Amino acid sequence: MTDYNRALDIAEKTLGEAEKTGDMPGVVKSSHQIGIIRRKRGDYDQALEYHRKALEIAERIGDQAGISKSYHQIGIVHQKRGDYDQAFEHHQKALGISERIGDLAGASRSYNQIGIVYQNRGDYDFALENHQKALEIAEKMGDLAMVSVSYQNIGIVYQKRGDYDRALDLSHKALEIKQTSADFYGILRIYGQMGLLHKLKGDYDRALELSEKALDIATRLGDKAGISMSYNQLGLLYQDKGDYDCALELSEKALELSEKIGDMAEVAKSSHQIGIIHQKRGHYDQALEYHRKALEIAERIGDQAGISKSYHQIGIVHQKRGDYDQAFEHHQKALGISERIGDLAGASRSYNQIGIVYQNRGDYDFALENHQKALEIAEKMGDLAMVSVSYQNIGIVYQKRGDYDRALDLSHKALEIKQTSADFYGILRIYGQMGLLHKLKGDYDRALELSEKALDIATRLGDDAGVARSSNQIGVIYQSRGANERALEYHQKALEIAERIGDKSEVGMSCHNMGIVHQSKGEYDEALGFYRRALEIAEKIGDISGVSKSYHQIGIVHQSRGDFGYALDQFQRALEIAEKIGDISGVSKSYHQIGIVHQSRGEYDEALGFYQKALGIARQVGDISGVASSIGMVGRVMQMKKNYIDAFVDYLISLDIFEKLGSPNVNIVHSLITELNREMGEEDFQKLLEEFKPSK
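Draft legend 1. How the structure looks around the overall build of the chain. When helices and strands are tallied, the chain shows 35 helices and zero strands. Each principal axis of the C-alpha distribution contributes one length, and for the chain these read about 110 × 50 × 40 Å. With the model as given, the accessible surface of the chain reaches about 28600 Å², and the carbon-plus-sulfur share is 49%. Charge-centre separation for the chain: the mean point of 87 positive side chains lies 3 Å from the mean point of 103 negative side chains.

Shown next, in the form of structure tokens:
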């Protein structure tokens, strides 16, 4: 029964009758029942109150089994709140009593709960050890129901580690037992678990089929909590497919139902989910509203793990907006809670997000330090999925620094893990990343091949958001090859999908990309139209970083038209925002661009000053490619000032770096040296070459 108000009314009447007649065992039983109902509603303080009442009476009448059950239930409440030390302590007490009085069923239950505590903390080896003990006892007793539960719990640990096939195998074993005993509540839960596993494998059709089966059973049973959970899971599936309207509708149904039955923990979960959907669409204000609602509930019911998750998501929203100070603050809060309650998986997630914040700011040393911490925790836990994510993130930092070969090596490591677990959604993201890396290396054929693989997977998965992202990336590759019409075709496709699914952030990205294509074609009015639309979207959704990027691009268009005053104004705006949000990389790009404006005006000393500033930042953050670009531009100014020797030295340094990186920018430097040769004259240039031959 999940009509908690009615269930509570019945249990309270039963308790009153037991107290009136002096039936102490009945009082213990009814107090437990009220405590369980309160716990299922998320009323954790009241739940503890009733379980402690049951414990006090059980101790008074010397009911050892009752004492053990009380400790067991108190442990579960602490577990739900994320207070894992208290949970562990009470489950250990329950286990000790069960083993002393020879209660095998109680011992099996306790081992399973201790396993869940370890699992929630990310200590998967100890989790498996305890679930295995629970399974052995259940098999010895012939308790098929507990055997099934143990299979489920062991499967969840393998799922957390990223071994989805092993987890599915155990879920099938658990399901066979439940089907034999016609335990429909148990079947409902297993279908939900199997649906989640197929989702993680990227098999959305099978995931939907199983999740709908779970919903059907819950509906036939009248299990409102089960219906709510099924709606949430279905919403999660549609969200991953990029069908945000359907996802939102299902999650809102779950929220409405959980509010109706008074299940505060599920209200928080649904609010959390709705927040994520809004965030993925670029609706950042609405996302924050729902995450703060989830946070408020988690704080009210004392759910430490829930508080940490809410801080984590709020941090991600601020991150997406480019508000890095707020993002950092919330991720630090989430990390602090995870470390305090011993949640290793949560700590690993937080370190990764903190690393991304540093990465977005261009602070690559701190980014690497945090991603490395996340990786170490994931390896310690045996969490292959998180190990893969950490490899990806570390690779992105090396990509930002211009070390594309190192980044590709890490992407290959991440891909191997995802292929082993058949995580197609993860494979899709890695192919996209590898495609970008090959594009940066100038290997456009390989970049196109990998990006098309990503697009193919996204299409097969029915992932509209993934199709839009992959289409945009393919468009960027075609634009780099000079195939502008083909590029526009893909960006237009991405734009249409993003508009259809209501993803404002991706709409802005598509407009930005289309602006770049029109700019490269010399169609400046069209380019400005798209950049201004991207700017308008960024301002509307509060994407500070996006606003800065739009100003930057608008400045480049005006610079190309020779309108240097307006261009300088736009670059200054972009610079101010980058400085405000602590985006070191963005500051460097603005300095570089401002230097180009001064150079175009013939103001060589001013240009040199800005190139030197950009160079200083590139060296500070370890951006090798940026160092080479800035030195090349310093060389260009030296050439303009007729300082040919210094210009040649700078070109050689820049060329050497780009050659080591395998960058296509080698061609740009070669053309600069060719121009220097023409300007100096063949005879003087050959003398310069002879002078540098020994050192070269």
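Now that the structure is up, let's keep going.
Draft legend 2. Representation of unusual backbone geometry within the structure. In this model, A182 sits at a positive phi of 55°, which is unusual for a non-glycine residue. Considering the arrangement of structural elements, one finds A182 in the loop between helix 9 (164-180) and helix 10 (184-200). Exposure remark for A182: the relative accessible area of 42% places this residue in the partly exposed category.

Draft legend 3. Fine view of the nonpolar core. In this structure, Y151, Y191, Y391, Y431 and Y591 are the most contacted members of the largest nonpolar core, which totals 166 residues. Filtering out sequence-adjacent residues up to four positions away, Y191 remains in contact with L175, Q179, L210, K213, A214 and I217. If you look at the next biggest cluster of nonpolar residues, it comprises 31 residues, including Y611, A618, A628 and L652.

Draft legend 4. Expanded view of a positive patch on the surface. Among the surface-exposed residues, K160, K269, K309 and R349 lie close enough to one another that they form a single positively charged patch. By the secondary structure assignment, K160 is in helix 8 (residues 144-160).

Draft legend 5. Main features of helix 16 (residues 304-321). Over its 18 residues, helix 16 runs 26 Å from end to end, which matches the ideal 26 Å to within 8%, given 1.5 Å per residue. The backbone nitrogen of A305 lies 3.3 Å from a side-chain oxygen of the residue at the head of helix 16, namely D303. G322 lies just past helix 16 and shows a positive phi near 85°.

Draft legend 6. Representation of the pattern of salt bridges. Here the structure, examined in full by the defined rule, presents 36 salt bridges. Residue R38 is joined to E12 by a salt bridge in which the shortest nitrogen-to-oxygen separation is 3.5 Å. Of this pair, R38 sits in helix 2 (residues 24-41) while E12 sits in helix 1 (residues 4-21), placing them 26 residues apart in sequence. For R38, a relative accessible area of 16% corresponds to the buried category. Its relative accessible area of 33% is what places E12 among the partly exposed residues. The salt bridge partner of R460 is D456, with a shortest N-O separation of 3.2 Å. Of this pair, R460 and D456 both sit in helix 23 (residues 444-461), four residues apart, roughly one helical turn. Looking at R460, the relative accessible area reads 57%, which means it is exposed. D456 gets classed as partly exposed once you look at its relative accessible area, which sits at 41%. One network of salt bridges, in which partners are shared, links E12, R38 and D43.

Draft legend 7. The packing of aromatic side chains, seen in detail. A complete count under the given rule lists seven aromatic pairs for this structure. Plain terms: the ring middles of F328 and Y358 are 5.5 Å apart, the flat faces sit at 70° to each other, and that makes the pair edge-to-face. One end of the pair, F328, is in helix 17 (residues 324-341); the other, Y358, is in helix 18 (residues 344-361), with 30 residues separating them in the sequence. With a centroid separation of 5.2 Å and an interplanar angle of 25°, the aromatic rings of Y358 and F366 are classed as stacked. Take F366: its relative accessible area is 40%, and that puts it in the partly exposed class. Taken together, the ring pairs connect F88, Y118 and F126 into an aromatic cluster.

Draft legend 8. Quick peek at the packing of helix 11 (residues 204-221) against helix 12 (residues 224-240). Between helix 11 and helix 12, the least distance of the axes is 8 Å, while the angle of their chain directions is 160°. The pairing of helix 11 with helix 12 is recorded here as roughly antiparallel in orientation. You can see that helix 11 and helix 12 cross each other, and the crossing is left-handed. Of the residues in helix 12, those in contact with Y204, A207, L208, S211, E212, A214, L215, A218 and T219 of helix 11 are G226, I227, S230, Y231, Q233, L234, L237, Y238 and D240. For the contact of helix 11 with helix 12, the residue count by class is eleven nonpolar, five polar and two charged.

Draft legend 9. The side chain of K178, seen in detail. For K178, the location among the structural elements is in helix 9. A residue is classified by how much of its surface remains accessible, and K178, at 4% relative accessible area, is buried.

Draft legend 10. Fine view of the side chain of R361. Relative to the elements of secondary structure, R361 occurs in helix 18. Judged by relative accessible area, which is 15%, R361 ranks as buried. A distance of 3.3 Å separates a polar side-chain atom of R361 from the backbone oxygen of G582.

Draft legend 11. Structural view of the environment of S560. If you trace the backbone, S560 turns up in helix 28 (residues 544-560). You can call S560 partly exposed: its relative accessible area is 40%. Each C-alpha atom, one on S560 and one on S388, is 42 Å from the other, the two residues being 172 residues apart in sequence.

Draft legend 12. Structural detail: helix 34 (residues 666-680). Here helix 34 spans 21 Å end to end across 15 residues, near enough to the 21 Å set by a 1.5 Å rise per residue. Every buried residue belonging to helix 34 is among V666, V669, L672, I673, L676, N677 and M680, and all of these are buried. Looking straight down helix 34, one finds that the buried residues subtend no more than 145° of arc, so they occupy a single side. What points out from helix 34, more than 90 degrees from its buried face, is the exposed set N667 and R678. Where helix 34 is buried, its residues meet helix 32 (624-640), helix 33 (644-661) and helix 35 (682-692).

Draft legend 13. Main features of the confidence of the model for the chain. Per-residue confidence for the chain gives a mean pLDDT of 91, with 99% of residues at or over 70. For the chain, the element scoring lowest by mean pLDDT is helix 35, at 84; helix 7 (residues 124-141) scores highest, at 95.

Draft legend 14. Molecular detail of the environment of L455. If you trace the backbone, L455 turns up in helix 23. Since its relative accessible area comes to 10%, L455 is described here as buried. Counting along the chain gives 124 residues from L455 to E579, while the straight-line C-alpha distance between them is 36 Å.

Criteria and thresholds
Residues numbered from 1 in each chain as written. Predicted model: local features only at pLDDT ≥ 70, side-chain atom pairs only at ≥ 80, totals over all residues. Heavy atoms only, no water. Helix = DSSP H or I, 4+ residues; strand = E, 2+ residues; numbered from the N terminus. Areas by Shrake-Rupley, 256 points an atom, 1.4 Å probe, with all protein chains shown as cover. Lys, Arg positive; Asp, Glu negative; His and termini not counted. Charge placed at Lys NZ, Arg CZ, Asp CG, Glu CD. Buried < 20%, exposed > 50% of the residue type's maximum accessible area, 1.4 Å probe, protein only. Core = buried A, V, L, I, M, F, W, Y, C linked by side-chain atoms within 4.5 Å. Contact = heavy atoms within 4.5 Å. Patch = residues over 30% accessible without salt bridge, like charges linked within 9 Å, V, L, I, M, F, W, Y side chains within 5 Å. Salt bridge = Lys/Arg side-chain N within 4 Å of Asp/Glu carboxyl O. Expected span 1.5 Å × (residues − 1). Polar contact = N/O pair within 3.5 Å; in protein donor to acceptor, adjacent residues only side chain to side chain. Phe/Tyr/Trp six-rings, centres within 6.5 Å; stacked < 30°, edge-to-face > 60°. Axes fitted to C-alpha atoms, helices over the stretch in contact; angles between N-to-C directions. Parallel < 35°, antiparallel > 145°, perpendicular 65-115°, else oblique. Left-handed = near helix turned anticlockwise from the far one by under 90°. Nonpolar A, V, L, I, M, F, W, Y, C, P; charged D, E, K, R; others polar. Arc of directions from axis to C-beta. pLDDT = per-residue confidence, 0-100.

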